[in-house]
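# Topology and contacts: notes
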Amino acid sequence: MNAVWRLLIGLCLALTTLAGFSVSPAQADGCTELLTDGGFETGGVWQLGASPVMPEYVTYTRHSGYRALALGITSGGNQTSFSSARQMVSIPATPAQVTLSFWFYAMTTSAPTTDYMEMVLLNASGSVILAKPWYSHNDSRLWNQISFDLTPWRGQTVQLYFNVYNDGLGGVAAMFLDDVSLATCTGSGSTPTLTPAGTLVAATSTATATPACIEALADGKFDGGLASWQVVGDSAGAAPVGSPARSAPYALKLGSLDLNLNSLTTVRQLVNVPTGYPQVLLDVWVYPQSQAGAGADYQQVALLNASGGLLFVPWQVQTNNPAWAQLTFNVSMFAGQTVFVSFSVNNDGVGGRTALYVDDVRLTSCLPAPAATATATHAAPTPAATPGPTATGAAPFPTAVSPGCVPLLSNGGFDAGVSPWQPAPNLLPAQWVSSPARTGYALQLGTQGQNLYSYSSIRQMVTVPWARPRVLIEFWTYTWAESLAGADRQQFSLLKPDGALWATPWRVLENAQTWQQHLFDVIGLGGQSFAVYFNALNDGAGGRTALFVDDVRMWACTAGAYPAELAAASAPAAAAAIPGPRALSGEQAAPQAAVSPDVTHVAVAPVALLYAGTPVAQNSPQRTTAATQPGLLNGLQLPSLTRLLPIILGALGLVLLAWWLNRK
């Protein structure tokens with residue numbers, strides 16, 4: 001009978017293995033992942049430095065998965081602090097290549113010579129700085145990837161140290177960190193592409209086609225010097241050079257470490273950004289150098305409009321990192337436009353000097369590869385924790401995810417005040433009120449008192465994950481209007497990242513004086529960024545108008561999924577079309593006495609609404625407060641538990657059978 005017991009216990013262990021509980025390093029194509037929990041999904045692996053501002057695991061913004069790590073001051077008062085995280089790792093002596101890569105979302109409001117963010121390589125004890133591959137004062141406010149070659153440290157045990165420093169004066173700095181990878185590869189010069197490894201035989205796949213790609217730039221390697229590029233500003237500050245060059249024979253040099261110039265030098269190329277592709281990526285390798293005391297100097301990567309005006313500044317820093325590093329930016333929002341790809345260095349002529357080398361620039365549009373045909377005896381388990389690193393420069397096309405919904409908004413009930421919502425400067429600014437409130441506190445827009453011409457508004461930026469294209473938006477309103485005549489209005493809109501009006505699902509002029517629910521089901525927003533915007537317009541004549549808003553919630557869902565909180569809601573059969581883009585200043589009010597439908601299904605074609613540059617200050621994630629922290633189950637993949645339930649029940653059944661046989 002003991003043999004039967006041992007057999008059934010073994011079967012239970014096998015079922016557990018099939019369920020995917022493997023902790024072995026990810027390996028594929030001769031590459032191995034050395035880091036643990038590079039996506040910050042599990043916690044307890046990284047050593048978080050003791051500081052007045054401790055790093056924090058957050059769910060309200062992340063590059064992938066369910067969590068990221070927040071470093072620095074995302075909300076609250078300014079104070080001197082080193083907000084850091086580190087992990088010790090032993091690098092083997094034999095791999096041909098060791099590559100560190102990570103994704104970061106940086107933001108700062110401080111001067112470029114004070115607060116900073118950095119990545120430092122320390123010795124095993126943490127007492128000696130071996131290298132500082134990345135040191136930056138960055139306010140790009142979107143997810144960027146950067147990669148470094150750590151091959152020179154093969155055979156050593158090192159600490160990877162990420163830090164955001166705030167000096168406690170003036171503005172503040174913060175960074176969100178995600179998908180950190182330290183990959184070793186055996187192939188010469190290969191770029192790591194890792195997939196999770198299981199304990200069983202992995203499925204073999206054969207792709208049926210190669211993705212179709214279009215390269216929009218000419219001579220991004222500068223092999224022809226600057227023949228394909230235009231020099232603007234100080235022409236003496238730009239030149240093709242042979243060293244350092246990432247790809248022979250030349251790289252682009254901007255600025256100077258020899259002469260202290262008072263100049264702004266720009267090298268740019270006019271390109272047409274293709275349409276019809278799910279993503280357009282700008283890849284560029286940079287080698288930045290800057291001396292101490294460089295003042296107002298900076299290095300910049302930007303997109304300009306056809307007239308030379310700034311459209312998008314994803315990278316503007318003053319940093320000294322004499323090593324080649326890759327930057328990758330999603331510029332899909334400019335599909336169909338003619339833009340300049342621009343590189344600049346500004347030297348203020350005082351103190352230290354600044355230079356930037358640029359090479360291997362690509363503006364690539366690719367179609368996703370067709371689904372592979374897989375055949376295998378056993379399917380490899382897929383861990384639900386840290387995703388493996390992607391190939392450097394490869395487009396992160398949508399991948400299969402567990403069905404379900406994830407929340408997008410923070411502090412939608414306004415119980416923690418107004419932040420991270422952004423009120424617009426106005427004669428009648430948004431107010432935090434306790435009455436009327438549906439729950440706790442609410443937000444008041446407009447006025448019940450004085451009659452002033454005003455746009456009283458508030459907004460919050462959100463980004464919809466690529467793999468969750470369906471967006472459900474719920475909010476409650478309490479409308480008040482002294483008169484139903486005139487141009488006053490209460491409205492809910494979606495704004496493009498540059499602040500232009502994109503769509504207005506709800507716009508009324510009404511005096512309901514009771515709380516009403518509104519629910520909108522929007523299709524086709526995967527990968528998009530936009531602002532959720534509420535507004536009360538008073539035209540300054542006639543009656544006064546106010547709008548109270550509470551319990552605003554938004555979810556990004558896979559096709560067919562529905563938030564558990566709304567499971568009881570019924571969906572109407574009719575679908576309403578969402579309005580197209582219109583200029584906010586030119587929009588005409590459409591007063592209505594009737595209440596907007598409570599539940600509306602909206603189908604839209606995907607549009608490019610990604611973050612479009614520094615003028616939009618609202619694209620700034622904020623740290624949640626205790627009142628708005630998500631529940632402990634927020635990051636749990638419930639569909640995965642559903643998939644495991646038959647296996648778990650089967651294992652329990654076998655254990656009960658073994659117990660019964662043992663009694664016999």
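Residues numbered from 1 in each chain as written. Predicted model: local features only at pLDDT ≥ 70, side-chain atom pairs only at ≥ 80, totals over all residues. Heavy atoms only, no water.

### Describing the overall build of the protein chain
Stated precisely, the cut-off is as follows: Where helices and strands are cited, they refer to DSSP runs of H or I of at least four residues and of E of at least two residues respectively, numbered from the N terminus. Relative accessibility under 20% of the residue-type maximum defines a buried residue, over 50% an exposed one, and the middle range a partly exposed one, all with a 1.4 Å probe and only protein chains included. In this description, contact between two residues means that some pair of their heavy atoms is separated by no more than 4.5 Å. The Shrake-Rupley method, run with a 1.4 Å probe sphere, supplies the accessible areas, and residue values consider only the shown protein chains as cover.
Across its full length, the protein chain carries two helices and 37 strands. Residues counted as buried form 50% of the 664 residues belonging to the protein chain. Pairs at least 24 apart in sequence give 82% of the contacts found in the protein chain among residues at least 6 apart. For the protein chain, the exposed surface amounts to about 27700 Å²; the carbon and sulfur share of it is 57%.

### Description of the state of the cysteines
Heads up, the rule is: Note that a disulfide, as used here, is simply two cysteine sulfur atoms within 2.5 Å.
Summed over all chains, the structure comprises two disulfides. Here Cys31 is linked by a disulfide to Cys185, with a sulfur-sulfur distance of 2.1 Å. On the S-S bond that ties Cys31 to Cys185, the torsion sits near 110°, and the link is right-handed. Residue Cys31 is found in strand β2 (residues 31-33), and its partner Cys185 is found in strand β12 (residues 173-185); the two are separated by 154 residues along the sequence. By relative accessible area, which is 1% here, Cys185 ends up buried. In this model Cys405 forms its disulfide with Cys557; the gap between the sulfur atoms is 2.1 Å. What sets the handedness of the Cys405 and Cys557 disulfide is the S-S torsion sign, and at about 115° it is right-handed. Of the two residues, Cys405 is situated in strand β26 (residues 405-407) and Cys557 in strand β36 (residues 545-557); the sequence distance between them amounts to 152 residues. On the basis of relative accessibility, which here comes to 0%, the residue Cys557 falls in the buried class.

### Quick look at the pairing of β36
Just so we agree on the cut-off: Criterion used throughout: strands pair if DSSP finds at least two bridges between them.
Counting buried positions along β36 gives 12 out of 13 residues, so the element sits mostly inside the fold. Looking at chain direction, strand β29 (residues 442-446) and β36 are connected through four bridges and run antiparallel. Residue Leu443 lies in a different strand from β36, and its bridge partner there is Val549. Here 11 bridges tie strand β31 (residues 470-481) to β36, and the two strands are oriented antiparallel to one another. Bridge pairing in β36 links Ile473 to Met554.

### Some words on the environment of Leu501
Considering the arrangement of structural elements, one finds Leu501 in strand β33 (residues 501-508). Note on Leu501: relative accessible area 2%, which makes it buried. Residues Leu501 and Ala531, 30 residues apart in the sequence, show an inter-C-alpha distance of 9.5 Å.

### With respect to the nonpolar core
Which entries qualify depends on this criterion: Nonpolar cores were defined as sets of buried Ala, Val, Leu, Ile, Met, Phe, Trp, Tyr and Cys residues, with membership established by side-chain atoms within 4.5 Å.
Residues Phe102, Leu160 and Leu182 are the most contacted members of the largest nonpolar core, which totals 66 residues. Beyond its immediate chain neighbours, meaning those up to four positions away, Leu182 contacts Thr32, Glu33, Leu34, Leu35, Val89, Ile91, Val98, Thr99, Leu100, Leu150 and Leu160. Residues Trp502, Val532, Leu547 and Ala556 belong to the second largest nonpolar core, which totals 33 residues.

### Thoughts on the environment of Pro420
Following the sequence through the fold, Pro420 ends up in the loop between β26 and β27 (422-423). For the pair Pro420 and Ser410, spaced 10 residues apart in sequence, the C-alpha to C-alpha distance is 6.9 Å.

### As for the confidence of the model for the protein chain
Threshold: The predictor's confidence in any single residue is recorded as pLDDT, a number from 0 to 100.
Taken as a whole, the protein chain shows an average pLDDT of 74; of its residues, 73% reach a score of 70 or greater. Ignoring residues within four places in sequence, the model shows residues 188-210, a span with pLDDT below 50, making 67 contacts including any to other chains. Below a pLDDT of 50 lies the segment residues 568-643, which in the model reaches 174 contacts outside its immediate sequence neighbourhood of four places, other chains included.

### Some remarks on empty space enclosed by the protein
Our working rule: Cavities and pockets are defined on a 1 Å grid built over the protein atoms alone: a cavity is a set of grid points where a 1.4 Å probe fits but cannot escape, while a pocket is an open set with protein on both sides within 12 Å along at least five of seven lines, and lining residues are those with an atom within 4 Å of any such point. Grid points are joined across faces, edges and corners, and a volume is the space filled by probe spheres set on the points. Classification used: nonpolar for Ala, Val, Leu, Ile, Met, Phe, Trp, Tyr, Cys and Pro, charged for Asp, Glu, Lys and Arg, polar for all others including Gly.
The tally for this structure, following the rule as stated, stands at three cavities of 30 Å³ or more. Empty space within the largest cavity amounts to approximately 60 Å³. Elements represented by at least two residues in the lining of the largest cavity include exactly β9 (129-136), β10 (143-149), β19 (279-290), β21 (310-317) and β22 (325-330). Of the residues that constitute the lining of the largest cavity, the class distribution is nine nonpolar, three polar and no charged.

### Notes on the sheet that holds β33
Each strand in a sheet pairs with its neighbour through backbone hydrogen bonds, running either in the same direction (parallel) or in the opposite one (antiparallel). Across the sheet, five strands lie side by side as β27-β30-β35-β32-β33; this open sheet has antiparallel pairing. Each having just a single partner strand, β27 and β33 make up the two edges of the open sheet. Of the pairings in the sheet, the one linking strand β32 (residues 489-495) to β33 comprises five bridges and is antiparallel in character. Considered in β33, the bridge of Gln490 is made with Val508.

### A look at the side chain of Arg67
Spelled out, the test is: Residues scored as charged are limited to Lys and Arg (positive) and Asp and Glu (negative), so that His and the chain ends carry no count. Salt bridges are counted wherever a side-chain nitrogen of Lys or Arg sits within 4 Å of a carboxyl oxygen of Asp or Glu.
Among the secondary structure elements, Arg67 is positioned in the loop between β4 (56-58) and β5 (68-72). There is no salt bridge for the buried Arg67, and the closest opposite charge comes from Glu41, which lies 5.3 Å off by N-O distance.

### Observations regarding the pattern of salt bridges
A side chain of one charge can pair with a side chain of the opposite charge when the charged atoms of the two come close. Within the structure shown, the criterion is met by seven salt bridges. Notably, a salt bridge pairs Arg362 with Glu215, separated by 3.6 Å at the nearest N-O pair. A residue pair is termed long-range when its members are at least 10 positions apart, and Arg362 in strand β24 (residues 354-366) and Glu215 in strand β14 (residues 213-215) qualify at 147 residues. One salt bridge in this structure joins Glu482 and Arg544, with 2.6 Å as the shortest N-O distance. Residue Glu482 is located in the loop between β31 and β32, and its partner Arg544 is located in the loop between β35 (529-539) and β36; the two are separated by 62 residues in the primary sequence. Linked by salt bridges that have partners in common, Lys221, Arg246 and Asp360 make up one network.

### Things to note about the sheet that holds strand β20 (residues 298-305)
Rules: Orientation is described by lines fitted to C-alpha atoms, with helices fitted over the stretch in contact, and by angles between N-to-C directions that extend from 0 to 180 degrees.
Reading across from one edge, β15-β18-β23-β20-β21 is the order of the five strands in this open sheet, with antiparallel pairing throughout. Edge strands, defined here as strands with exactly one partner in the open sheet, are β15 (230-233) and β21. For this sheet, the mean angle separating the axes of adjacent strands, direction not counted, is 20°. By the bridge criterion, five bridges tie β20 to β21 in an arrangement that is antiparallel.

### Description of the pairing of β10
Burial analysis of β10 places six of its seven residues in the buried class, which makes it a mostly covered element. The pairing of strand β7 (residues 97-108) with β10 spans seven bridges and is antiparallel. Bridge pairing links Leu100 to Phe148 in β10. Both β10 and β22 contribute to a ladder of three bridges, which runs antiparallel. What sits directly across from Ile146, in β22, is Leu327.

### What about the packing of aromatic side chains?
Rules: Whether two aromatic rings pair depends on their centres lying within 6.5 Å, for rings of Phe, Tyr and Trp, where Trp uses its six-membered ring; planes under 30 degrees apart make the pair stacked, over 60 edge-to-face, and the rest tilted. Charge-over-ring placement is defined geometrically: NZ (Lys) or CZ (Arg) within 6 Å of the ring centre, and within 35 degrees of the ring normal.
Taken as a whole and assessed by the stated rule, the structure comprises 30 aromatic pairs. Aromatic pair Phe104 and Trp134: ring centres 4.7 Å apart, planes at 45°, arrangement tilted. Of the two residues, Phe104 sits in strand β7 while Trp134 sits in strand β9, which places them 30 residues apart along the sequence. We classify Trp134 as buried; its relative accessible area is 4%. Seen from the ring of Trp285, Arg246 lies directly overhead, with NZ or CZ sitting 3.6 Å from the centre. The ring of Phe340 is capped by Arg268, whose NZ or CZ atom sits 4.0 Å from the centre of that ring.

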